[in-house]
2 protein chains.
Amino acid sequence: MKTHTLLMPLDMHLHLRDGVMLETVAPLSAYSFSGAVVMPNLVPPVTTKEDVQAYKERIFTALGTPLSDEDDLFETTNADYFEPMMTLFYQHYERDFLEEVRDDIFAVKLYPAGITTNSEGGVSSFDLDAMRPTLEAMSALEIPLLIHGETDGFVMDREAEFMNVYEMLASNFPDLKIVMEHITTKAAVDMLEQYPNLYATITLHHLLITLDDVAGGLMRPHLFCKPIAKRPEDREALLEVALEAHPKVMFGSDSAPHPQHKKEACGCAAGVFTAPIALQALCELFDQYGKLENLQAFVSDNAQSIYGICPEFKEVTLSDTPFTVPAKYGDVVPMFAGETLGWSIEDVL
Amino acid sequence: MKTHTLLMPLDMHLHLRDGVMLETVAPLSAYSFSGAVVMPNLVPPVTTKEDVQAYKERIFTALGTPLSDEDDLFETTNADYFEPMMTLFYQHYERDFLEEVRDDIFAVKLYPAGITTNSEGGVSSFDLDAMRPTLEAMSALEIPLLIHGETDGFVMDREAEFMNVYEMLASNFPDLKIVMEHITTKAAVDMLEQYPNLYATITLHHLLITLDDVAGGLMRPHLFCKPIAKRPEDREALLEVALEAHPKVMFGSDSAPHPQHKKEACGCAAGVFTAPIALQALCELFDQYGKLENLQAFVSDNAQSIYGICPEFKEVTLSDTPFTVPAKYGDVVPMFAGETLGWSIEDVL
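Note that the structure is predicted; figures quoted are calculated from it, not measured. (Residues numbered from 1 in each chain as written. Chains lettered and ligands numbered in written order. Predicted model: local features only at pLDDT ≥ 70, side-chain atom pairs only at ≥ 80, totals over all residues. Heavy atoms only, no water.)

## A short note on the UniProt feature "binding site: Zn(2+) 2" (unreviewed entry) in chain A
Residue and element names in this part refer to chain A.
Now for step 1: Under the UniProt annotation, "binding site: Zn(2+) 2" (unreviewed entry) lies at Lys-109, His-148 and His-182. These residues run over 74 residues, yet every pair of their C-alpha atoms falls within 12.4 Å of each other. Lining the largest cavity, from the set of annotated residues above, are Lys-109, His-148 and His-182.
Now for step 2: Structurally, Lys-109 can be placed in strand β5 (residues 107–110).
Now for step 3: Here Lys-109 falls in the buried class, since its relative accessible area comes to 0%.
Now for step 4: Secondary-structure assignment places His-182 in the loop between β7 (178–180) and α7 (186–191).
Now for step 5: Overall, the relative accessible area of 2% leaves His-182 in the buried class.
Now for step 6: If near-sequence neighbours (up to four positions away) are discounted, His-182 is found in contact with His-13, His-148, Glu-159, Thr-201, Thr-203, Lys-226, Pro-227 and Asp-254.
Now for step 7: Only 3.3 Å separates the side chain of His-182 from the side chain of His-148, close enough to count as a polar contact. (UniProt positions renumbered as here; feature names shortened; annotations may be inferred. 1 Å grid on protein atoms, 1.4 Å probe; cavity = no way out; pocket = protein on both sides within 12 Å on 5 of 7 lines; lining within 4 Å. Helix = DSSP H or I, 4+ residues; strand = E, 2+ residues; numbered from the N terminus. Buried < 20%, exposed > 50% of the residue type's maximum accessible area, 1.4 Å probe, protein only. Contact = heavy atoms within 4.5 Å. Polar contact = N/O pair within 3.5 Å; in protein donor to acceptor, adjacent residues only side chain to side chain.)

This is the structure in structure tokens:
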């Protein structure tokens, strides 16, 4: 039996939702990850200090580790510590507000308006003058900017068309750390070399699938996501930088749960649910390419370096023992539902 | 109230299926069309004279017009006559067989193996030598060849990649009438000018939607079809030749019913069901562009000229009276389910 140990795995892009869904999915991420960057696209979105604190508290409650003291958000008695790295939904914010909220947030997440689930309150035009005060304050306060980078163009072109926005922001705010979230194209990979302050997260599913898997045979609603999976040459480009653990790329699952009836429906919601199977599938993938030694950097070390963070200790040992993915977690159908992966989690310390 | 009358509308590409589904959908096509080219991809496919005759008989039974005499397939007492133009599933056939079946069939339909619903028995390689005897016999007997033109490549490229097969067949068999079925790309439109013996059918849905409508917002399983809807510039090219009723293009709905549970499912079957709403939607579309005068050629006259056929008389009068599309026909969800079209059928004579 082959084993592989990962230290402090991090999911740098995660949707935990709220309510019953939060209770279902939060423990699944907390089991195998040290921490995760939690997306703010709730209804309504997370836009105030109180929103951030209340959401973080709901996450801890869902994990069975309620906060003992409201003044110390990070205190917990649970050994299986999981750190939700909170984000604020981008709006034009005053510097004073950002200073006040600085210690409660990990980053600000920007959505173009209407581009994905619950993003209606996002940015409707990339007007540099309108954004400048906010982005200058974020630069000064060292608050990273995470971006869902898509235009409202033709679905296969949306990410590539967004590259000039990345260029505009990266060149105008050279001290702002900008993360191209869940990149899906060779165009985005190529951008990594262009600007020192541009980074990227990559999901599991975009390393594995193309549009062929979503709509090339039967149509697979559980593989439908935003941004949509692209062309084979795009997947190849993502795979190349992930497998070599390019120092500017990090794993971010973009695990996005929806109840089964919202996926297998007349209008299917976007999102692939991968949190509980991601490390197993990544081990299998990296092992297939003989690159297991790079997985630690992809799922943790790169993020630690890029963001300058020190996650709580967690050691996840996997082995090449087959793991049959459950048909559902609660009411959510995961990627690979009912299929068998080559790797499973042996132990978590 | 504006009205528009269509004479002998023809659907040059139609899936009627079998069994209960046939009983549901056949009368819907028969109500507004004079006739339709009926696809042979049943399970098992239609490959013998007996298959053709038996299927045609089941169609008439489903229409409530059973054949009175097995020797005269075309005899019927029903005034609402609908002619099912039967096709044979392409295999390498002997000339003797084709001669024998000639009077029972309208055309031979070729599917690359595995390319769409029930096409497993199709052609697995386009080997000219292997195909030559069949295609020469078809040429000599003036049996048209209808082709589902897709490779097994990346889903957005499959039709464009197939163009060299069309070129090979069109140039090697100049007397064979070849129809590029349900074309979806500018590449296929451009081929129309290249070879005198190449024609095309165009569906309603490919005139109206792109991949954006299938997977650009929520994912819409009822708009998922093979070939998949392509890019905006492809739709524009199709629209241009349809609206001008280019003499080499014909309307073929490719209306392809599946029960609702096979569409709104984990693996959604390909096909858009348009037969009962096609003429209304085409009137609305052609009217919007001020091209109503060309619709007669697109839905009937071009097909009559290309194939040299004289359909039974049927006169369908439509008016610009709103028509709310039913949520379902039987267990099949149509395109525009629950939506209101600008045109409706007033009368059929």
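## Here's the deal with the packing of aromatic side chains
For any pair of aromatic rings, the description rests on two quantities: the centre-to-centre distance and the angle between the ring planes.
Now for step 1: Inspection of the entire model under this criterion finds 20 aromatic pairs over all chains.
Now for step 2: Summarising the aromatic geometry, the rings of Tyr93(A) and Phe97(A) are spaced 4.9 Å apart at their centres and angled 25° between planes, so their arrangement reads as stacked.
Now for step 3: Where Phe126(B) meets Phe162(B), the ring centres are 5.3 Å apart and the plane angle is 85°; that geometry is what we call edge-to-face. Taken as a pair, Phe126(B) in the loop between β5 (107–110) and α4 (128–141) and Phe162(B) in the loop between α5 (158–161) and α6 (163–172) lie far apart in primary sequence, 36 residues in all.
Now for step 4: For Phe162(B), a relative accessible area of 1% corresponds to the buried category.
Now for step 5: Each residue in the set Phe33(A), Phe251(A), Phe286(A) and Phe298(A) is aromatic and connected to the rest through ring pairs, giving one cluster.
Now for step 6: Lying over the aromatic face of Tyr199(B), Lys248(B) brings its terminal NZ or CZ to 5.4 Å of the ring centre. (Phe/Tyr/Trp six-rings, centres within 6.5 Å; stacked < 30°, edge-to-face > 60°. Lys NZ or Arg CZ within 6 Å of the ring centre and 35° of its normal.)

## What about the sheet that holds strand β1 (residues 3–7) of chain A?
Residue and element names in this part refer to chain A.
Now for step 1: Pairing is antiparallel in the open sheet, where three strands are placed in the order β1-β10-β13. A strand with exactly one partner marks an edge of an open sheet, and here the two such strands are β1 and β13 (344–348). The mean inter-strand angle of the sheet, taken between neighbouring strand axes irrespective of direction, is 30°.
Now for step 2: One ladder, built from four bridges, connects strand β10 (residues 315–319) with β13; its direction is antiparallel. In the sheet register, Thr-317 faces β13, and the bridge partner there is Asp-347. (Pairing = 2+ DSSP bridges. Axes fitted to C-alpha atoms, helices over the stretch in contact; angles between N-to-C directions.)

## Section: empty space enclosed by the protein
One way to see where empty space is left: roll a probe the size of a water molecule over the atoms.
Now for step 1: In total, this model carries seven cavities of 30 Å³ or more according to the counting rule given.
Now for step 2: Estimated volume of the largest cavity: approximately 120 Å³.
Now for step 3: Forming the boundary of the largest cavity are 16 residues, of which His15(A), Thr116(A), Lys226(A), Asp254(A) and Ala256(A) lie nearest the centre.
Now for step 4: In terms of residue class, the lining of the largest cavity is built from four nonpolar, eight polar and four charged.
Now for step 5: Around the second largest cavity, the lining is made up of 16 residues, and of these His15(B), Thr116(B), Lys226(B), Asp254(B) and Ala256(B) lie nearest the centre.
Now for step 6: Considered class by class, the residues forming the lining of the second largest cavity number four nonpolar, eight polar and four charged. (Points joined across faces, edges and corners; volume = space filled by probe spheres on them. Nonpolar A, V, L, I, M, F, W, Y, C, P; charged D, E, K, R; others polar.)

## Observations concerning the pattern of salt bridges
Now for step 1: Under the criterion given, the structure shown has 22 salt bridges over all chains.
Now for step 2: The closest approach of N and O atoms between Lys49(A) and Asp104(A), which form a salt bridge, is 3.6 Å. Within this pair, whereas Lys49(A) is found in helix α2 (residues 49–62), its partner Asp104(A) is found in the loop between α3 (95–101) and β5, the two being separated by 55 residues in sequence.
Now for step 3: One salt bridge in this structure joins Arg231(A) and Asp157(B), with 2.5 Å as the shortest N-O distance. You can see Arg231(A) sitting in the loop between α9 (211–215) and α10 (232–243) and its partner Asp157(B) sitting in the loop between β6 (145–147) and α5, one on each of two chains. (Salt bridge = Lys/Arg side-chain N within 4 Å of Asp/Glu carboxyl O.)

## Comments concerning the relation of the copies chain B and chain A
Now for step 1: Once turned by 180° and shifted 0.0 Å along the axis, chain B lies on chain A with an RMSD of 0.0 Å. The two molecules are tied by a two-fold rotation axis, judged by turn and shift. Looking at the rotation axis and the C-alpha trace of chain B, the residue lying nearest is Glu264(B), at 2.6 Å.
Now for step 2: Interface residue correspondence from chain B to chain A reaches 100%, placing this contact among same-surface, isologous pairings. (Least-squares fit on C-alpha atoms with pLDDT ≥ 70 in both.)

## Some thoughts on the interface of chain B and chain A
Now for step 1: Each partner contributes residues to the interface: chain B has 30 residues there, and chain A has 30 residues.
Now for step 2: Summed over both sides, the interface of chain B with chain A buries roughly 2,400 Å², with 63% coming from carbon and sulfur.
Now for step 3: If you sort the residues of chain B by the area they bury against chain A, Phe154(B), Met219(B) and Cys266(B) come out on top, with a joint share of 29%.
Now for step 4: The interface formed by chain B and chain A contains four salt bridges.
Now for step 5: For the salt bridge of Arg158(B) with Asp212(A), the shortest nitrogen-to-oxygen distance reads 3.3 Å.
Now for step 6: In this structure, the connection of chain B to chain A is made through 14 residue pairs in polar contact (both at pLDDT 80 or more).
Now for step 7: When residues in the side of chain B that touches chain A are grouped by element, the largest group, four residues, is from helix α9 (residues 211–215) of chain B.
Now for step 8: Looking at the side of chain B that touches chain A residue by residue, the classes come out as 16 nonpolar, six polar and eight charged. (Buried area = accessible area lost by both parts, 1.4 Å probe.)

## Regarding the sheet that holds strand β7 (residues 178–180) of chain B
All names here are of chain B.
Now for step 1: In spatial order, the strands read β2-β3-β4-β5-β6-β7-β8-β9; together these eight strands make up an open sheet with parallel pairing. Every interior strand has two partners, whereas the edge strands, β2 (10–14) and β9 (249–251), have only one. Recorded for the sheet is a direction-independent mean angle of 25° between the axes of neighbouring strands.
Now for step 2: The pairing of β6 with β7 spans three bridges and is parallel. Paired with Ile-147 across the bridge in β7 is Met-180.

## Side note on the side chain of Ser29(B)
Now for step 1: As for its position among the elements, Ser29(B) is in helix α1 (residues 19–32).
Now for step 2: With near-sequence residues (within four places) excluded, Ser29(B) lies in contact with Leu14(B), Leu16(B), Phe82(B) and Ala275(B).

## Side note on the nonpolar core
Now for step 1: Of all hydrophobic cores here, the largest spans 221 residues; its most connected members are Leu145(A), Leu282(A), Phe298(A), Leu145(B), Leu169(B) and Phe298(B).
Now for step 2: Look past the residues within four positions of Phe298(A) in its chain and what remains in contact with it is Ile202(A), Leu207(A), Ala242(A), Ala245(A), Val249(A), Met250(A), Phe251(A), Leu282(A) and Phe286(A). (Core = buried A, V, L, I, M, F, W, Y, C linked by side-chain atoms within 4.5 Å.)

## Quick word on the UniProt feature "binding site: Zn(2+) 1" (unreviewed entry) in chain A
Residue and element names in this part refer to chain A.
Now for step 1: Per the UniProt record, "binding site: Zn(2+) 1" (unreviewed entry) is annotated on His-13, His-15, Lys-109 and Asp-254. Taken along the chain, the residues just named run across 242 residues; in space they keep tight, none of their C-alpha pairs more than 13.0 Å apart. Checked against the lining of the largest cavity, the annotated residues reduce to His-13, His-15, Lys-109 and Asp-254.
Now for step 2: Structurally, His-15 can be placed in the loop between β2 (10–14) and α1 (19–32).
Now for step 3: According to the relative accessible area criterion, His-15 is buried, its value standing at 8%.
Now for step 4: If sequence neighbours within four positions are ignored, His-15 has contacts with Val-25, Met-39, Asn-41, Tyr-111, Asp-254, Ser-255, Ala-256 and Pro-257.
Now for step 5: Separated by 2.9 Å, the side chains of His-15 and Asp-254 make a polar contact.
Now for step 6: In this structure Lys-109 touches His-13, Met-39, Pro-40, Thr-87, Leu-88, Phe-89, Tyr-90, Leu-146, Ile-147, His-148 and Glu-181, once residues within four positions along its chain are discounted.

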